[in-house]
Amino acid sequence: PNLDRGGRFGNMASVGEFNSFSASIPATKVELSVSCRNLLDRDTFSKSDPICVLYTQGIGSKEWREFGRTEVIDNTLNPDFVRKFIMDYFFEERENLRFDLYDVDSKSPNLSKHDFLGHVFCTLGEIVGSQGSRLEKAIAGIPGKKCGTIILTAEELNCCRDSVLMQFCANKLDKKDFFGKSDPFLVFYRSNEDGSFTICHKTEVVKNTLNPVWQAFKISVRALCNGDYDRTIKIEVYDWDRDGSHDFIGEFTTSYRELSRGQSQFNVYEVINPKKKEKKKKYINSGTVTLLSFLIETEVSFLDYIKGGTQINFTVAIDFTASNGNPAQPTSLHYMNPYQLNAYGMALKAVGEIIQDYDSDKMFPALGFGAKLPPDGRVSHEFALNGNPQNPYCNGIDGVMEAYYRSLKSVQLYGPTNFAPVINHVARYASSVKDGSQYFVLLIITDGVISDMAQTKESIVNASKLPMSIIIVGVGPAEFDAMEELDGDVVRISSRGKYAERDIVQFVPFRDYIDRSGNYILSMARLAKDVLAEIPDQFLSYMRVRGIKPSPAPPPYTPPLHVLQTQI
């Protein structure tokens, strides 16, 4: 929902249609723990005194910035650092990390004064996507030396995971309407660090009463107070007017901590109208609002499932129809440019590099549609880019890119543009594992001129019951009206009177991400963000509808006992 920031809130007739605003809420927070085993020994008389320094890379700039340091632990080659790194985690962003290890020799904060013990590069997604969110990697950086291993564990922070179910009523509110009583509703705001307020909930309007009881509503603790229990929450009381000029009745403030006491004398609030208070000596209040109930519910998250071992399977489908233009011509969307990626290659790389962190075997089926295949020139809407229909898997995103360029040289672009066959291809796999252990993501890259709209809608409606999501990236200058319709964000997609059970399609037009300066990398980060942002929610909606709970995370790996004895 886009709120018109100009007026207090655009047209309020549709009060209560939106709940909490997810857009401005920061991501999940994860806590990273660092341990090392068998570090290099740089001290002559005793063991090293290690410290770990974490660096992150700015989006767009490739420059490494120090994020934080652990404590120093004296005399050990196997440190388990106590000080954690707490980071924002966005599924749809690739967050590059670098861990540097030093042997601390003096009190100096300057790292060049200490002995370097090696470093490790990874992404935050790699840690989170590893089994049990625990990643073990060899430490490198000192030629010719074994530098030991690092063990990185990610733990989602719980403060942000709760939702609350609350209900309020009010008594003796001021009468604002000339005829009849007021039509009151409440608006909730959370305060920001800078003292400003952000709207986070509106109740429905209760008509014609000064003693309303509003329906209970659910809101995430993040939306309500960003997980900070003592932060101010401001609540305004309005009288609804049809023309949108709602009358201000009064306001009060509270905090999550106060509300969490539940129904009690502490949670009866006087509604104050500051203007009236100034003017009238005898003014007491404009009524009271009472909290009737307060219930905390813990939500399961996308990460809980990934941690419990749910696999994400990523399939790519590429549009090889003639409307893309001849690959030998620079104007073609499939132009084989030796010096830089074409639009298809860029979209593939941007989205693939993020998703591959969650795909344990990094083997991706890659399909093409809309081309005539050698040797006999038959038209196919579902062919393997690597030329092997029995095994269409490519090794990593690089393997997919290679197969894509290879097939451009061997197939003839043709038509029509049919989406249904590749959607049904992935749906066949998805329908065989509905227990929540696997989830399928199909990336379709297309110039957007679709020929089988009715069949595609039918396929999407059927697929909406399966553990799968579809991402459509539109390349080139076409009008993408048909794609917007498939996206289903505005109107839920339907076929022959049946509506999709959930929204599983996300469409983005690639041209919105190519900046004129030709600085692609910034746009790739944004593209990946916009493409992947809906997946965790689509994933959760499937699990919720099916009542599938995350499996418990597997216990940390402990080596078999007899191995240990040889070291004693």
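Residues numbered from 1 in each chain as written. Predicted model: local features only at pLDDT ≥ 70, side-chain atom pairs only at ≥ 80, totals over all residues. Heavy atoms only, no water.

As recorded in an unreviewed UniProt entry, the protein chain goes by the name Copine-8, listed as coming from Chelydra serpentina. Under the Sequence similarities (unreviewed entry) heading, UniProt states for the protein chain: "Belongs to the copine family." The Function (unreviewed entry) field of the UniProt record for the protein chain holds the comment "Probable calcium-dependent phospholipid-binding protein that may play a role in calcium-mediated intracellular processes." (UniProt positions renumbered as here; feature names shortened; annotations may be inferred.)

Peer 1: What is the right way to look at the overall build of the protein chain in this model?
Peer 2: Along the protein chain, the regular secondary structure elements total 13 helices and 28 strands. Here the protein chain, with 568 residues, has 51% of them falling under the buried criterion. Contacts in the protein chain between residues far apart in sequence, at least 24 positions, make up 70% of those at least 6 positions apart. For the protein chain, the exposed surface amounts to about 27,300 Å²; the carbon and sulfur share of it is 51%. (Helix = DSSP H or I, 4+ residues; strand = E, 2+ residues; numbered from the N terminus. Buried < 20%, exposed > 50% of the residue type's maximum accessible area, 1.4 Å probe, protein only. Contact = heavy atoms within 4.5 Å. Areas by Shrake-Rupley, 256 points an atom, 1.4 Å probe, with all protein chains shown as cover.)

Peer 1: I'm lost on the environment of Pro-330 in this one. Help?
Peer 2: Positionally, Pro-330 belongs in the loop between strand 17 (311–319) and helix 6 (343–355). In this structure Pro-330 comes out as exposed when scored by relative accessible area, which is 60%. As for Pro-330 and Asn-342, which are separated by 12 residues in sequence, their C-alpha atoms are 9.5 Å apart.

Peer 1: Would you mind going over the confidence of the model for the protein chain with me for this structure?
Peer 2: The predicted coordinates ought not to be read in detail in places where the model reports low pLDDT. Residues of the protein chain with pLDDT of at least 70 account for 90%, and the chain-wide mean is 86. Confidence drops under pLDDT 50 across residues 1–26; counting only partners more than four residues distant or on other chains, this segment forms 47 contacts. Residue range residues 563–568 is modelled with pLDDT below 50. Its contacts to residues more than four positions away, or to other chains, number 1 contact. (pLDDT = per-residue confidence, 0-100.)

Peer 1: When you look at the nonpolar core in this model, what are you seeing that I'm missing?
Peer 2: As a rule of thumb, nonpolar side chains are buried together in soluble globular proteins. Phe-99, Phe-320 and Val-473 are the most contacted members of the largest nonpolar core, which has 85 residues in total. The biggest single contributor to this core is helix 6, with 9 residues. (Core = buried A, V, L, I, M, F, W, Y, C linked by side-chain atoms within 4.5 Å.)

Peer 1: Would you mind showing me how to read a negative patch on the surface here?
Peer 2: There is a patch of like negative charges on the surface, built from Glu-479, Asp-481, Glu-484 and Asp-489. Take Glu-479: it is sitting in the loop between strand 25 (468–474) and helix 10 (481–487). (Patch = residues over 30% accessible without salt bridge, like charges linked within 9 Å, V, L, I, M, F, W, Y side chains within 5 Å. Salt bridge = Lys/Arg side-chain N within 4 Å of Asp/Glu carboxyl O. Lys, Arg positive; Asp, Glu negative; His and termini not counted. Charge placed at Lys NZ, Arg CZ, Asp CG, Glu CD.)

Peer 1: Before we go on, may I ask you to explain the side chain of Gln-506 in this structure?
Peer 2: Assignment of secondary structure puts Gln-506 in strand 28 (residues 505–509). Among the residues examined, Gln-506 registers a relative accessible area of 8% and is labelled buried. Within the structure, Gln-506 has its side chain in polar contact with the backbone oxygen of Asp-530 (distance 2.7 Å). Apart from the residues lying within four places of it in its own chain, the contact partners of Gln-506 are Ile-470, Ile-471, Ile-472, Asp-487, Asp-489, Asp-530, Val-531 and Glu-534. (Polar contact = N/O pair within 3.5 Å; in protein donor to acceptor, adjacent residues only side chain to side chain.)

Peer 1: How should the pattern of salt bridges be read in this particular structure?
Peer 2: Opposite charge on two side chains permits them to pair, given that their charged atoms come into close proximity. Under the definition given, this model contains 18 salt bridges. Measuring nitrogen to oxygen at the nearest pair gives 3.4 Å for the salt bridge that ties Lys-234 to Glu-236. Its relative accessible area of 0% is what places Glu-236 among the buried residues. Glu-501 is the salt-bridge partner of Arg-546, the closest N and O atoms lying 3.2 Å from each other. Here Glu-501 lies in the loop between strand 27 (498–499) and strand 28 and Arg-546 lies in helix 12 (residues 535–546), a separation of 45 residues in the sequence.

Peer 1: Would you mind going over helix 9 (residues 453–463) with me for this structure?
Peer 2: In an α-helix, one turn spans 3.6 residues, which is why side chains three or four residues apart end up on the same side. Extensive coverage of helix 9 is indicated by the burial of 8 of its 11 residues. Every buried residue of helix 9 is listed here: Met-453, Thr-456, Lys-457, Glu-458, Ser-459, Ile-460, Val-461 and Ala-463. Here the buried face of helix 9 lies against helix 8 (420–430), strand 25, helix 10, strand 26 (494–495), strand 27 and strand 28.

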